[in-house]
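Each chain, written out:
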Amino acid sequence: MYLILPAILLLLILCSFLFVFRRKCIIKKISCMPIIDKMCLLNKLLAPFGFQYILSQDIFTSCLSAWQRDYGYHQIYDKKAPHFNIVFDCEPIYFDYNGCTWLLEFWKGQYGINTGAEIGIYKADRIISCQERDRTLFHTVEDCELPKFALTLIKNGDPCVYLERTHWWLTAFLMGDYSEPCELCVEYDITFPSAKMCDAFVNALLNAGYTSECISACCAAASFTFSNPVTPQPASLRPLLCRFAQWKNRMFLRLYRWATRPFCLTLDRLLYLYEYMPFAFRHMICLKNMKKKRHKRRALYGDSKSSQ
């Protein structure tokens with residue numbers, strides 16, 4: 001009995017030394033690794049999840065070939081977002097063009113421990129009525145129909161992100177940053193494949209509640225600023241759930257900053273987690289939930305198609 005306690009104490013001390021030594025080795029390894037090697041490794045780890053890292057702005061964005069492209073958009077995604085610690089403002093704009101109902105949706109807010117903004121374009125198989133919108137599955141568009149998106153994310157009056165790409169779902173996420181949706185506004189610029197499509201979108205903005213002073217349009221290009229949403233918000237139906245989600249986001253954000261405190265750059269922070277605490281890295285990029293979400297989306301597809 002007298003030997004067991006000292007042995008346990010000695011083992012704990014030894015484990016602590018090994019723990020600290022391993023941590024120092026990982027910090028040294030990441031600090032000495034060339035930037036290009038770190039970029040390649042992180043983007044390789046992120047590729048299965050449909051995202052890539054942009055070093056120049058220290059942000060994450062969605063890939064053109066992201067797996068999410070196969071699953072389109074359904075209004076239930078926005079309604080269920082707070083259950084996944086996502087709290088945002090959204091602005092769905094529907095318009096009819098070329099025999100189909102199209103949807104351009106805009107988002108800004110807090111995505112877990114990320115501040116972010118999104119813009120996505122989708123279309124239905126036909127022209128649908130207003131009553132059908134909440135139960136219709138909208139599909140992503142073909143490459144030949146893609147517009148050119150540009151977004152500028154502004155927080156409390158200060159621009160923090162600018163991205164410009166031909167895309168179906170352009171996103172920008174600042175990891176390790178906390179925001180309330182009301183603190184953010186996004187300037188969107190969209191160049192459509194045709195002037196007629198642009199006119200249909202601008203008319204939809206006006207019908208949704210935007211004024212002509214808020215919109216700039218020329219030929220096939222349109223721009224506006226998304227600050228205070230004019231359409232009904234799913235989050236307003238669950239204010240307590242959204243507050244709880246934001247509380248959890250703040251707690252996880254503090255934990256993330258504390259755990260990765262040897263580094264400042266997101267690139268280094270994530271690679272440090274990958275080497276030092278792989279379970280935390282997997283949680284950060286939702287590795288465990290990825291298949292479950294895919295199955296849920298497949299089930300949703302079936303339900304949506306049957307209801308149509």
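K.L.:
Any chance you could break down helix 6 (residues 266-276) for me, citing the residues and the numbers?
P.N.:
Helix 6 sits mainly inside the fold: 9 of its 11 residues count as buried. Among all positions of helix 6, only T266, L267, D268, R269, L270, L271, Y272, L273 and Y276 are buried.

K.L.:
Describe the packing of aromatic side chains, and please don't skip the residues or the numbers.
P.N.:
Tallied over the full model, the rule gives 25 aromatic pairs. Ring geometry for F88 and Y111: centres 5.9 Å apart, planes at 50 degrees, overall tilted. Of the two residues, F88 sits in strand 3 (residues 86-97) while Y111 sits in strand 4 (residues 100-111), which places them 23 residues apart along the sequence. Each member of the pair, F88 as well as Y111, carries the same accessibility label: buried. Ring geometry for F244 versus W247: centroids 6.0 Å apart, planes at 10 degrees, classification stacked. One end of the pair is F244 and the other is W247, both in helix 5 (residues 239-259) and 3 residues apart, which spans about a single turn. A network of ring pairs unites the aromatic residues F51, Y73, Y77, F88, W107, Y111, Y122, W168, W169 and F173 as a single cluster. One Lys or Arg, K108, reaches over the ring of F226 and ends 5.2 Å from the middle of that ring.

K.L.:
So what's going on with the packing of helix 2 (residues 35-46) against helix 6? Which residues, and what values?
P.N.:
Look at helix 2 against helix 6: their axes get within 10 Å of each other, and the N-to-C directions meet at 65 degrees. Like other packed secondary-structure pairs, helix 2 and helix 6 cross with a definite hand, here left-handed. Here I35, K38, M39, L41, L42 and L45 of helix 2 lie close against helix 6, whose contacting residues are L267, D268, L270, L271 and Y274. Classifying every residue of the contact of helix 2 with helix 6 by side-chain character gives 9 nonpolar, no polar and 2 charged.

K.L.:
Give a description of the side chain of K155 that names residues and reports values.
P.N.:
Tracing the backbone shows K155 in strand 7 (residues 148-155). A distance of 3.0 Å separates a polar atom in the side chain of K155 from a polar atom in the side chain of D177. Engagement of the side chain of K155 in a polar contact is seen with the backbone oxygen of Y178, the distance being 2.6 Å. Not counting chain neighbours up to four residues away, the residues in contact with K155 comprise C160, D177, Y178, S179, E183 and L184.

K.L.:
So what about helix 2? Which residues, and what values?
P.N.:
With 12 residues, helix 2 extends 16 Å between its outermost C-alpha atoms, agreeing within 8% with the 16 Å of an ideal straight helix rising 1.5 Å per residue. Within the span of helix 2, buried status applies to K38, M39, L42, L45 and L46. In a view along the axis of helix 2, the buried residues occupy a sector of 135 degrees, so they form one face of it. Exposed and facing more than 90 degrees away from the buried side of helix 2 are I36 and K44.

K.L.:
Lay out the environment of A66 with the relevant residues and their values.
P.N.:
Tracing the sequence through the fold places A66 in the loop between strand 2 (59-62) and helix 3 (75-80). When near neighbours in sequence (up to four residues on either side) are disregarded, A66 contacts G50 and W168.

K.L.:
Explain the environment of C144 residue by residue, including any values.
P.N.:
Tracing the chain through its elements places C144 in the loop between strand 6 (139-140) and strand 7. C144 gets classed as exposed once you look at its relative accessible area, which sits at 69%. Sequence separation between C144 and P193 is 49 residues, and the spatial gap between their C-alpha atoms is 8.4 Å.

K.L.:
Account for the sheet that holds strand 11 (residues 215-218), with residues named and values stated.
P.N.:
Spatial strand order, 8-7-10-12-11: 5 strands in an open sheet with antiparallel pairing. One side of each edge strand has no neighbouring strand; the edge strands of this open sheet are strand 8 (158-166) and strand 11. Within this sheet the neighbouring strands show an average axis-to-axis angle of 10 degrees, counted without direction. Pairing analysis gives 4 bridges linking strand 11 to strand 12 (residues 221-226), with the strands arranged antiparallel. Pairing of C218 across the sheet is with A221, part of strand 12.

K.L.:
An account of the side chain of N249 is requested, with residue identities and associated values reported.
P.N.:
Position of N249 among the secondary structure elements: in helix 5. A distance of 3.2 Å separates the side chain of N249 from the backbone oxygen of N85, its partner in a polar contact. Filtering out sequence-adjacent residues up to four positions away, N249 remains in contact with N85, Q110, G112, I113 and Y178.

The rules behind each value
- Residues numbered from 1 in each chain as written.
- Predicted model: local features only at pLDDT ≥ 70, side-chain atom pairs only at ≥ 80, totals over all residues.
- Heavy atoms only, no water.
- Buried < 20%, exposed > 50% of the residue type's maximum accessible area, 1.4 Å probe, protein only.
- Helix = DSSP H or I, 4+ residues; strand = E, 2+ residues; numbered from the N terminus.
- Phe/Tyr/Trp six-rings, centres within 6.5 Å; stacked < 30°, edge-to-face > 60°.
- Lys NZ or Arg CZ within 6 Å of the ring centre and 35° of its normal.
- Axes fitted to C-alpha atoms, helices over the stretch in contact; angles between N-to-C directions.
- Left-handed = near helix turned anticlockwise from the far one by under 90°.
- Contact = heavy atoms within 4.5 Å.
- Nonpolar A, V, L, I, M, F, W, Y, C, P; charged D, E, K, R; others polar.
- Polar contact = N/O pair within 3.5 Å; in protein donor to acceptor, adjacent residues only side chain to side chain.
- Expected span 1.5 Å × (residues − 1).
- Arc of directions from axis to C-beta.
- Pairing = 2+ DSSP bridges.

Worth remembering: the numbers are spatial, not functional.
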